[in-house]
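# Summary of the model geometry
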Amino acid sequence: MAGLTCANYLHRAGKSVLVLDAADAVGGRVRTDITPEGFRLDRGFQILLTRYPEVQRLMDYGALDLRAFESGAVIQLPTGRETTLINPLRQPLAAFEALTSPIGSLPDKLRIANLVRHVSKYTAGQLISRNSSNQEDTLTYLRRKGFSERIIDTFFRPFFGGVYLDRQLRTAANFFEFVFQQFVVGDAAVPNLGIQAIPEQLAARLPTGSVRLNSPVSAIDGTRVRLWTDEVLEAAAVVIATDGTAAQQLLPTQTLSAPTPTSEWRKTTCTYFAAPHSPGHGDKLLRLNAMPGALAHNVVFPSDAAPGYAPAGQTLVSVNTHGAHGLTEEDLLNRLRAELAAWFGPATAQWQHLRTYEITHALPAYPAGQPYRQSLRLADTLYQCGDYTAYPSLNAAMATGREVAEMLLV
Ligand SMILES: Cc1cc2nc3c(=O)[nH]c(=O)nc-3n(C[C@H](O)[C@H](O)[C@H](O)COP(=O)(O)OP(=O)(O)OC[C@H]3O[C@@H](n4cnc5c(N)ncnc54)[C@H](O)[C@@H]3O)c2cc1C
């Protein structure tokens, strides 16, 4: 997304661009596979927050045919009981009102309302760049704000732990404030034909021949780029738009003016099933699991919101497990099946396992104290962009891609 964004802005300004991608299709971490039966499997559950400023700036939402989930969640509590929250971040008092407080106390609810007011005072850019809030992690921040352990464990941990792929909530609090605001003001959506429609829209705007797939770069030397095939290409400027780990391998050591990107990655495993009926009854709500020790951290029915994800009459089920689980695929599947049967009933035995995606490099870790932005200009003719240079989000990939294009255009 960072590279395609950069190329889009340069092309718009009349510059000639060539995007080299090691993979067999565009999108990097934003990919969708289509099964022979016609299910669309995103490589990991991923959403577009529709008010991301950078995404709004460049993407044609109408052409993406975005389909939104409902704002809210059904939460399985540690007792095994379920509770439903509608619009918890937009109308916190109403959302939590009906409950005899299985989620949090009245002061917790007032604190959520205060948080909504607080983030509403700032732009998204101001929130993410607030130095004061990137000095502590999300858990420390929530505790300092006075939230009870109960609401942290039953709401913040399952919900934001799913966004960060980090249930310990060690992710920096400036990113929490940014994402919290995005959920307050916008929708969580996916394109009807899969998340890969997003990078494909950007690639389609570039001239034919300007995206070369299956073209891994092995070295960069000044303005010369060497491919694994030993072909050497020369350009006026080179932009590294890989992930952080690949960038570390490609960056010539003498140009390392930027701090070394963190090589710690957040992991996730996405297990897909086909179900004959939607256990969500079409409510388009996320299922969160607050049960300690569970492996099914959240469950989503993407085809309830976006029917294009499943063939007619079928439901796609996406079960997500964050972090390292240390199990074989078969053991994980068996454990998930047992949890899903307890959660959604015996009909889950009929669910057909489609595929499991183990994503070891999902999000770059974004711990407290990390600078909000790395230097994007590494040398006169060498630049970097991508989420690893800022924070773990599509918005960051696109923001840094645009900023590099602007530097090249002055
Ligand atoms: C499971 C999952 C869930 C996510 N959920 C969300 C979400 O809900 N919301 C959100 O905003 N973000 C989410 N993200 C994060 C988001 O997808 C990323 O932040 C964003 O896609 C990063 O884009 P990028 O361009 O920086 O890097 P990448 O997508 O990693 O792209 C790097 C590109 O570099 C190419 N490359 C690597 N090495 C070489 C080489 N040597 N030569 C040539 N090409 C090379 C790769 O093929 C790839 O195309 C999620 C990510 C995952 C994996």
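Residues numbered from 1 in each chain as written. Predicted model: local features only at pLDDT ≥ 70, side-chain atom pairs only at ≥ 80, totals over all residues. Heavy atoms only, no water.

With that settled, consider the overall build of the chain. A tally of regular secondary structure across the chain gives 14 helices and 20 strands. Relative to its length of 410 residues, the chain is compact, with a C-alpha radius of gyration of 22 Å against a globular reference of 22 Å. Once local pairs closer than 6 in sequence are excluded, the contacts in the chain between residues at least 24 apart make up 71%. Of the accessible surface of the chain, which amounts to about 17,000 Å², a share of 51% is contributed by carbon and sulfur atoms. Side-chain charges in the chain split into 37 positive and 37 negative, and the spacing between the mean points of these groups amounts to 6 Å. (Helix = DSSP H or I, 4+ residues; strand = E, 2+ residues; numbered from the N terminus. Rg over C-alpha atoms; globule rule 2.2 N^0.38 Å. Contact = heavy atoms within 4.5 Å. Areas by Shrake-Rupley, 256 points an atom, 1.4 Å probe, with all protein chains shown as cover. Lys, Arg positive; Asp, Glu negative; His and termini not counted. Charge placed at Lys NZ, Arg CZ, Asp CG, Glu CD.)

The next thing to look at is the nonpolar core. With 95 residues, the main nonpolar core has Ile75, Ile112, Phe155, Phe156, Phe160, Phe176 and Phe180 as its most contacted residues. Here this core takes eight residues from helix α9 (residues 173-185), the largest share from any one element. Setting aside residues no more than four positions away along its own chain, isoleucine 75 makes contact with Arg81, Glu82, Thr83, Leu85, Ile103, Thr154, Phe155, Leu288 and Ala290. One finds Phe273, Ala275, Phe301 and Val319 within the second-largest nonpolar core, a separate group that totals 15 residues. (Core = buried A, V, L, I, M, F, W, Y, C linked by side-chain atoms within 4.5 Å. Buried < 20%, exposed > 50% of the residue type's maximum accessible area, 1.4 Å probe, protein only.)

For the ligand, the set of nearby residues contains 33 residues, the closest of which are Asp21, Arg29, Gln46, Tyr52 and Asp387. Take alanine 22: an N or O atom from its main chain is 3.0 Å from a nitrogen atom of the ligand. Taken by itself the ligand offers 1,000 Å² of open surface, and the protein chains cover 89% of this. Elements with a contribution of two residues or more to the shell around the ligand: α11 (244-250), β18 (352-364) and α14 (394-409). (Near = heavy atom within 4 Å. Polar contact = N/O pair within 3.5 Å; in protein donor to acceptor, adjacent residues only side chain to side chain.)

The subject of this paragraph is helix α8 (residues 149-164). With 16 residues, α8 should cover 22 Å at 1.5 Å per step; its first-to-last C-alpha distance of 19 Å lies more than 12% under that length. Residue phenylalanine 156 marks the point of greatest curvature in α8, where the axis turns by about 45°; the proline proline 158 follows within four residues. Among the 16 residues in α8, twelve count as buried, and that is most of the element. Once α8 ends, the next one or two residues include leucine 165, with phi positive near 60°. (Expected span 1.5 Å × (residues − 1). Bend = angle between axes of the 7 residues up to and from the residue.)

Time to look at the packing of helix α1 (residues 2-12) against helix α10 (residues 197-204). α10 packs onto α1 with a crossing angle of 30° between their chain directions and a minimal axis gap of 9 Å. Taken together, the axes of α1 and α10 lie roughly parallel to each other. Note that α1 runs across α10; the crossing there is left-handed. Here Leu4, Thr5 and Asn8 of α1 come into contact with α10, specifically with Pro199, Leu202 and Ala203. (Axes fitted to C-alpha atoms, helices over the stretch in contact; angles between N-to-C directions. Parallel < 35°, antiparallel > 145°, perpendicular 65-115°, else oblique. Left-handed = near helix turned anticlockwise from the far one by under 90°.)

The next subject is unusual backbone geometry. The phi angle at asparagine 87 is positive, at roughly 55°, despite the residue not being glycine. Among the secondary structure elements, asparagine 87 is positioned in the loop between β7 (82-86) and α4 (92-97). Positive phi, close to 60°, is recorded for leucine 165, a residue that is not glycine. According to the relative accessible area criterion, leucine 165 is buried, its value standing at 13%.

Here we come to a nonpolar patch on the surface. Taken together, Leu93, Leu106 and Leu110 make up a surface patch of nonpolar side chains, about 280 Å² in accessible area. Tracing the backbone through its elements, the reader meets leucine 110 in helix α5 (residues 106-120). (Patch = residues over 30% accessible without salt bridge, like charges linked within 9 Å, V, L, I, M, F, W, Y side chains within 5 Å. Salt bridge = Lys/Arg side-chain N within 4 Å of Asp/Glu carboxyl O.)

A few words now on the pairing of strand β8 (residues 188-191). By the alternation rule, side chains of β8 split into Ala188 and Val190 and Ala189 and Pro191, which are all buried. With three bridges joining them, strand β5 (residues 66-68) and β8 adopt antiparallel strand pairing. From the neighbouring strand, arginine 67 faces β8, where its bridge partner is valine 190. (Pairing = 2+ DSSP bridges.)

What follows concerns the domain arrangement of the chain. Under the domain assignment used here, the chain contains domain 1 (2-31 + 197-262 + 371-409), domain 2 (34-48 + 65-69 + 187-195 + 265-364) and domain 3 (89-186). For domain 1 and domain 3, the distance between their C-alpha centroids amounts to 33 Å. The partner domain 3 presents six residues to the six residues of domain 1 that form the contact. With both sides pooled, the region where domain 1 packs onto domain 3 buries about 460 Å², and carbon together with sulfur makes up 79% of that total. (Domains from an automatic or database assignment. Buried area = accessible area lost by both parts, 1.4 Å probe.)

Let's shift gears to the side chain of histidine 322. Relative to the elements of secondary structure, histidine 322 occurs in strand β17 (residues 315-322). Its relative accessible area of 10% is what places histidine 322 among the buried residues. When residues no more than four places from it in sequence are discounted, the contact partners of histidine 322 are Gly161, Gly162, Leu165, Lys267, Thr268, His297 and Asn298.

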